[in-house]
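Residues per chain, in single letters:
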Amino acid sequence: MGIRKSSNGNRPEISQVTPVAAITGGEIQIRGKSFALGERPRVKIGDIAAPIVIGSDSLLIVKVPEGASAGELVIQNGQNASQSYTCDIGIMIAENLHPVTNPAVDTFGNIFTTFSGSRGQKVPVAVFRLDLNFNMKPFVTDMMNATGLVFDREGLLYVSSRFDGIVYRVTPNGNMTVFVEGMGVATGLAFDNEDNLYVGDRSGTIFKISPEGQIFVFATLEASISSYHLAYGPDRYLYVTGPTTSSYDSVYRISHEGEVEVFFRGVGRPQGMDFDENGNLYVAASYAGRKGVVRIKPDRTADLFLSGPGIVGLQFMPSRALCIATTNALHRVDVGIRGLRYAR
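Because the structure is a prediction, the values reported are computed rather than measured.

## Considering the layout of surface pockets
Next up, step 1: Here the largest pocket is characterised by a volume of approximately 910 Å³.
Next up, step 2: As for the largest pocket, its lining consists of 44 residues, of which Val150, Phe151, Asp152, Gln315 and Arg341 are closest to the centre.
Next up, step 3: Those elements that provide at least two residues to the lining of the largest pocket are strand E11 (104-105), strand E15 (146-151), strand E19 (186-191), strand E23 (229-232), strand E27 (273-275), strand E31 (311-316) and helix H1 (340-343).
Next up, step 4: For the lining of the largest pocket, the residue count by class is 23 nonpolar, 11 polar and 10 charged.
Next up, step 5: A volume near 170 Å³ is recorded for the second largest pocket.
Next up, step 6: Taken together, 13 residues make up the lining of the second largest pocket; nearest its centre are Arg269, Gln271, Lys291, Gly310 and Ile311.
Next up, step 7: Within the residue set of the lining of the second largest pocket, elements represented by two or more residues are strand E28 (281-287), strand E29 (290-296) and E31.
Next up, step 8: Top element by residues in the lining of the second largest pocket is E28. It accounts for 3 residues.

## A few points about the sheet that holds strand E21 (residues 205-209)
Either a parallel or an antiparallel arrangement is found when strands of a sheet pair, and the pairing is made through backbone hydrogen bonds.
Next up, step 1: One open sheet holds the 4 strands; their spatial order is E19-E20-E21-E22, and the pairing between them is antiparallel. Because the sheet does not close on itself, it has two edges, and the strands there are E19 and strand E22 (215-220). On average, each strand axis in the sheet is tilted by 25° relative to the strand beside it, whichever way the strands run.
Next up, step 2: Relative to E21, strand E20 (residues 197-201) runs antiparallel, the two sharing 5 bridges. Residue pairing in the sheet places aspartate 201 in a bridge with threonine 205 of E21.

So, how was this worked out
Residues numbered from 1 in each chain as written. Predicted model: local features only at pLDDT ≥ 70, side-chain atom pairs only at ≥ 80, totals over all residues. Heavy atoms only, no water. 1 Å grid on protein atoms, 1.4 Å probe; cavity = no way out; pocket = protein on both sides within 12 Å on 5 of 7 lines; lining within 4 Å. Points joined across faces, edges and corners; volume = space filled by probe spheres on them. Helix = DSSP H or I, 4+ residues; strand = E, 2+ residues; numbered from the N terminus. Nonpolar A, V, L, I, M, F, W, Y, C, P; charged D, E, K, R; others polar. Pairing = 2+ DSSP bridges. Axes fitted to C-alpha atoms, helices over the stretch in contact; angles between N-to-C directions.

Given below as structure tokens:
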């Protein structure tokens, strides 16, 4: 978000807006002065009024309304209005879905996402494909409980099934074969720089499958109540989240030798992850009581990067946008950040 200040003392002045991005239902904190001179302030994002959750003369917390998109945020305090503040607000690009972790984006910008369903539920379409115009079409149909998605360097899509413990390999035209089986409750997937595939069994095991198909137990962790989510970092560590019953969960990282350590503690229900080109880790989670996407820097400091409810995963796109997956939809947020995958 960018800012232009006003010097008129009778007008509201915005000094800070956090976080820098949001989707519908997310909460934005606005700090400044002269928000409530004479009557209750009003906030608009573009042409749409944003409901005020908390209001004072120097602090407003507003909820991003349905239909809002990237545009100008303006505060009015009667006859006076602030100068505008540019907002990075996501737009919904697909709905009536059921993702449970990250979407997958190919090198052209096509997006792949799941209708995962409840355990044992047979759904008509397991994986959908969105083209560059966000037209959605069925991609994989004959699979139970499609969960994790990841591309290899050759452009083949790998899909885990938490129902049968199989990881399937899918060609660009949708032909599906079994890549590996016996992965327990198979959830998160990630490739390292040497083309080894990691599979998270939410009951407590991280498997490593070599390019030749050899299977190793790479590491063991506490069981998760929902899923393991994996991301491979620029430091050659595998990063893992797995929500537990605690509201104060950790992001783990695992060395090339399989040694597990806590990378960051203090996020609530951490799920899907992705890295940007500077090595910052973005995690779908809550932080300090606020839901959205948490950015954790290499020095292990954190802030809320994006606000929004029900986020389960995310993935950077070639266009420097961020694709956000909620429990039933996909959003695109133009954050202007390049993902690690596109910087390699």
